[in-house]
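Coordinate analysis (summary)
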Amino acid sequence: MRHRLRFFLRKLLRMILLLLGVSAITFALMCASPLDPLQTNVGQVALGSMSQEQVEKLEAYWGVNTPPAERYMGWLSGVARGDFGMSLLYRQPVLTIIGQRLGNSVWVLGFAWLFSGALGLLLGVLAGVYRGRLPDRCIRWYCLLISSTPAFWLALLLLLVFSVWLGWLPIGLSVPVGMETSAVSFLDRVRHAVLPALTLSITGVANIAMHTREKMIDVLESDAILFAKARGESGISIILRHGLRNVALPAITLQFASISEIIGGSVLAEQVFSYPGLGQAAVTAGLGSDLPLLLGITVITAAIVFMGNLAADLLYGVVDPRIRRGRAKS
Amino acid sequence: MEPILQIQHVSIDFTQYESRKGTSRRCLQVIRDLSLTLYPGQVMAVVGASGSGKSLLAHGILHILPYNSHMRGEILYNGEPLTKERAKRLRGREIVLIPQGVTYLDPLMKVGAQIRKGRRDEASRRMSREALGRYGLSPDTEDLYPFELSGGMARRVLIAAATVEKPRFVIADEPTPGLDTVSAGRILAHLREIADAGAGVLLITHDLELALRIADRVAVFYAGETIEDAAASDFADPSLLRHPFTKALWHAMPGHGFRTIAGAQPYPGTAERGCPFVSSCVDCVDKCREAEEIAPRYVRGGWVRCLRVQQDTTEAGTENGDLGEGMEE
């Protein structure tokens, strides 16, 4: 029990340090950004026609003249009290916006995460089993092709094929244009989420499949598999009983590590499909100098990624008997 | 008596990609022209240094060699060719392997499930408990994972796993390294029991002293070749041995002076021609270096590949083959 408590305290401390670091770097980068918040958001012409008083008011609103250290400390003390501040662009609490956007994104991200994980595992195992033969060569060819394709380009291609040429799916946004919120059906939302999710899945598969393939080859070359063969176990039983069992541990790590890639990829994919998710909000906040919103999004996504890795750590303990039983004994 | 296993002129080679670009392929011969005959109830020890290709012999017999290797020659089991299909059918049942150590068990699966190969019926459970019991392991062992076994326990589990189905031919590949003398002695005693129960046992080891404790015959492996095939009793006196390397090996044993052998064993497949032992031999002449091939000679009830030993004229009928024939005493 004490062991477990220490484990969680240590993880918590690590997460706090990580989030501090991430927010500090984000803040520093925003300060170094050449974008002038007033010119970007108000415009040169509008600024020129304003009185000095009005400009000063705006400068105060965007925090132009406040020293960076003071702004950061102000943001930090707010966060410590659970207040992530107000978004400067949307004029709403940051947490409200993140909540809305995450609600939109969570389906896209979740689908892409599960689909790429499952398909990647399947392809990786197949490639490993058929190493050097035709299925392996096809899978590797596909993975290398996808890995060297930029995600946004793939998104454009899908958009072109499925929305423009075939007309099967909507071109963008998360709901049909000009429809009341109450009239939007679940199916409408799914139809809008398909393409961004597909983009993220297709790109996510390559990484997982290639890593799984390597692990599967390692497993199949192990002494344990040789002995299983020597004992007359059939090929299919060896793959199902020994191969999958031993590939499960690295697969868990890969699956949870891919959360960060999926979230990273969503920034581009959502931009292409004008999908109002978290990724798109991050781009808007970054380009519009909306410091509180950007910091909020960065910190929350970093926390999600951290939680994913933590979950992998914990699952390892459940799946791997060497950890599970070793812990029970100590 | 009908031999259970006859290995006739078996060679195993590996295809390797040399040069950094991986463009030029070369064949590396690891086992060269090996012939052995094993009878039921007999323990034959194959003794050779680490890296001399002994384990590959075991994998070759079972047809589980890595994909980049190739085996030539003939293996007869019970008088019939042991083809890939036949080996597939027999391995794990009649022909079993006792591997080197705990790494040959699936680290994530309980011992019991591995011994039973996934079967869950009552008969299989009883058989696995019996097998464990034969080697002094309690039924609780079934619920342990490989990492929870001690070195000695792991070897006994491996023997139990191999002998669940009462095999007729057992290949034990280095079953004792890393064990203390008492545990190693126990493992060897178990192998002797298996042979005494009527199975043929091929004991692959680098430890001549241990092998002599239970073996009936000893085949000495040097740089991928069997340079001598002798009765275990010949090792009582070095003058009964035939090959200079076997004699040197005898003198290198702790009880016999502990004298080291000068020079290093060439890697298998590196010797183009002549006797592989030539650089360390005290007795070699020019023709030992130049001979294209040194055929085995039948000498005093054993076989030797050495030009300096006179072949017995009486029983030299079988030209260049059937090594180990005529060893029935």
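Computed from a predicted model, the values in this text were never measured in an experiment. Starting afresh in each chain, residues are numbered from 1 along the sequence in its written order. Each chain gets a letter, beginning with A, and each ligand a number, beginning with 1, in the order they are written. For a predicted model such as this one, the threshold for reporting local features is a pLDDT of at least 70, and the threshold for listing and counting side-chain atom pairs is 80 or more; totals across whole chains, interfaces and linings nevertheless cover every residue. The basis for every side-chain value is the complete set of heavy atoms in the structure, and neither hydrogens nor water enter the calculation.

1. Comments concerning the domain arrangement of chain A
Residues and elements named next belong to chain A.
- Parsing chain A into structural domains produces domain 1 (2-80) and domain 2 (95-329).
- A separation of 31 Å is found between the C-alpha centroids of domain 1 and domain 2.
- Across the contact, 19 residues belong to domain 1 and 20 residues belong to domain 2.
- Both sides together, the interface formed by domain 1 and domain 2 hides about 1,800 Å², and carbon and sulfur atoms give 80% of it.
- Buried area: the accessible surface (1.4 Å probe) lost by two parts on joining, summed over both. Contact with domain 2 buries area across many residues of domain 1, yet Met-15, Met-30 and Trp-75 alone supply 29% of it, more than any other trio. The split into domains, and so the bounds of each, comes from an automatic or database assignment of domains. A contact between two residues is defined here by any heavy atoms of the two lying within 4.5 Å.

2. A look at unusual backbone geometry
All names here are of chain B.
- One non-glycine residue, His-9, lies in positive phi territory at about 50 degrees.
- Runs of H or I in DSSP of at least four residues are treated as helices and runs of E of at least two as strands, each being numbered from the N terminus. Residue position: His-9 is located in strand E1 (residues 5-17).
- When accessible area is computed with a 1.4 Å probe and restricted to protein chains, residues below 20% of their type maximum are described as buried, those above 50% as exposed, and intermediate ones as partly exposed. Looking at His-9, the relative accessible area reads 35%, which means it is partly exposed.
- A positive phi angle is found at Lys-166, which is not glycine, with a value near 50 degrees.
- Tracing the sequence through the fold places Lys-166 in the loop between helix H5 (151-162) and strand E7 (169-173).

3. Points about the sheet that holds strand E8 (residues 200-205) of chain B
All names here are of chain B.
- A sheet is described by the order of its strands in space; here eight strands give the open sequence E6-E7-E8-E3-E9-E10-E12-E11, paired in mixed fashion. Since the sheet does not close on itself, it has two edges, and those belong to strand E6 (95-98) and strand E11 (297-299), each with one partner. Here the strands of the sheet are splayed against their neighbours by 20 degrees on average, with no regard to which way each runs.
- Only strands joined by at least two bridges in the DSSP assignment are considered to pair. Two elements, strand E10 (residues 225-231) and strand E12 (residues 302-304), share two bridges in a ladder whose sense is antiparallel. Bridge pairing in E12 places Glu-228 opposite Val-304.
- The sheet strands contacting helix H1 (residues 54-62) are strand E3 (43-47), E6, E7, E8 and strand E9 (217-222), and the helix crosses E7 at an angle near 150 degrees.
- Every axis in this analysis is a line fitted to C-alpha atoms, fitted for helices over the stretch in contact. Angles between the N-to-C directions lie between 0 and 180 degrees. Each of E3, E6, E7 and E8 is contacted by helix H6 (residues 181-196), which is oriented at about 150 degrees to E8, the strand it contacts most.

4. Let's talk about helix H5 (residues 68-80) of chain A
Residues and elements named next belong to chain A.
- Helices are assigned an expected span. That span is 1.5 Å times one less than the residue count. For H5, built from 13 residues, the straight-helix expectation of 18 Å at 1.5 Å per residue is met to within 8% by its first-to-last C-alpha distance of 18 Å.
- Contacts made by the buried residues of H5 are with helix H1 (2-32) and helix H13 (291-319).
- Looking one or two residues beyond H5, the residue adopting positive phi is Gly-82, at roughly 90 degrees.

5. Some thoughts on a nonpolar patch on the surface
All names here are of chain A.
- Distance thresholds for patches are 9 Å for like charges and 5 Å for nonpolar side chains (Val, Leu, Ile, Met, Phe, Trp, Tyr), applied to residues having over 30% relative accessible area and no salt bridge. Areas reported as accessible are Shrake-Rupley estimates using a 1.4 Å probe. Residue values count occlusion only from the protein chains shown. Here, a salt bridge means any side-chain nitrogen of Lys or Arg that lies within 4 Å of a carboxyl oxygen of Asp or Glu. There is a patch of nonpolar side chains on the surface, built from Phe-152, Trp-153, Leu-156, Leu-157, Leu-160, Val-164, Trp-165, Leu-166, Trp-168, Ile-171 and Leu-268 and spanning about 1,100 Å² of accessible area.
- Among the elements that make up the nonpolar patch, the one with the highest residue count is helix H8 (residues 151-165) (seven residues).
- Its location among the elements puts Ile-171 in the loop between H8 and helix H9 (186-220).
- By relative accessible area, which is 52% here, Ile-171 ends up exposed.

6. Structural notes on the sheet that holds strand E2 (residues 25-38) of chain B
All names here are of chain B.
- The sheet built from four strands is open, its strands ordered E2-E1-E4-E5 with antiparallel pairing. Where the open sheet ends on each side, the last strands, each with one partner, are E2 and strand E5 (80-81).
- Note: strand E4 (residues 69-77) against E5, two bridges, orientation antiparallel. Each residue of the ladder has a partner; that of Leu-76, found in E5, is Pro-81.
- Along the sheet face, H1 touches E1, E2 and E4 and points at about 110 degrees away from the line of E1.

7. Observations concerning the pairing of E10 of chain B
All names here are of chain B.
- For E10, a buried count of seven out of seven residues is recorded, marking the element as mostly surrounded by other parts of the structure.
- Here six bridges tie E9 to E10, and the two strands are oriented antiparallel to one another. Within E10, the residue paired with Phe-221 across the bridge is Thr-226.
- Hairpin remark: E9 followed by E10, antiparallel, with two residues in the connecting loop; positive phi at Ala-223, about 50 degrees.

8. Some remarks on empty space enclosed by the protein
- Think of a 1 Å grid over just the protein atoms. A cavity is a set of points where a 1.4 Å probe fits yet cannot get out, a pocket is an open set with protein on both sides within 12 Å along at least five of seven lines, and lining residues have an atom within 4 Å of a point. Grid points are joined across faces, edges and corners, and a volume is the space filled by probe spheres set on the points. Under the defined criterion, the tally for this structure stands at three cavities of 30 Å³ or more.
- Reported here for the largest cavity is a volume of approximately 60 Å³.
- What lines the largest cavity is a set of 13 residues, and nearest its centre among them are Cys-275, Cys-281, Cys-284, Cys-288 and Cys-306 of chain B.
- Residue classes follow a fixed rule: Ala, Val, Leu, Ile, Met, Phe, Trp, Tyr, Cys and Pro count as nonpolar, while Asp, Glu, Lys and Arg count as charged, and any other residue, Gly among them, counts as polar. The class makeup of the residues in the lining of the largest cavity is nine nonpolar, one polar and three charged.
- One number sums up the size of the second largest cavity: a volume of about 50 Å³.
- In this structure, the second largest cavity is lined by Ala-224, Phe-227, Ala-228, Arg-231, Glu-233 and His-242 of chain A together with Tyr-104, Leu-105, Asp-106 and Gln-114 of chain B.
- If one sorts the elements of the lining of the second largest cavity by residue count, helix H10 (residues 223-230) of chain A sits on top with three residues.
- Looking at the lining of the second largest cavity residue by residue, the classes come out as five nonpolar, two polar and three charged.

9. Notes on the layout of surface pockets
- Each pocket or cavity is described by its volume, and for the largest pocket that value is around 1,400 Å³.
- What lines the largest pocket is a set of 40 residues, and nearest its centre among them are Lys-229 of chain A together with Ile-64, Leu-65, Pro-66 and Tyr-67 of chain B.
- Taken together, the residues of the lining of the largest pocket break down into 15 nonpolar, 15 polar and ten charged.
- Along the wall of the second largest pocket there are 22 residues; nearest its centre are His-206, Phe-245, Leu-249, Ala-252 and Ile-261 of chain B.
- For the lining of the second largest pocket, the secondary structure elements donating two or more residues are helix H7 (208-214), E9 and helix H8 (244-252) of chain B.
- If you tally residues by element for the lining of the second largest pocket, the top one is H8 of chain B, at three residues.
- By residue class, the composition of the lining of the second largest pocket is 15 nonpolar, five polar and two charged.

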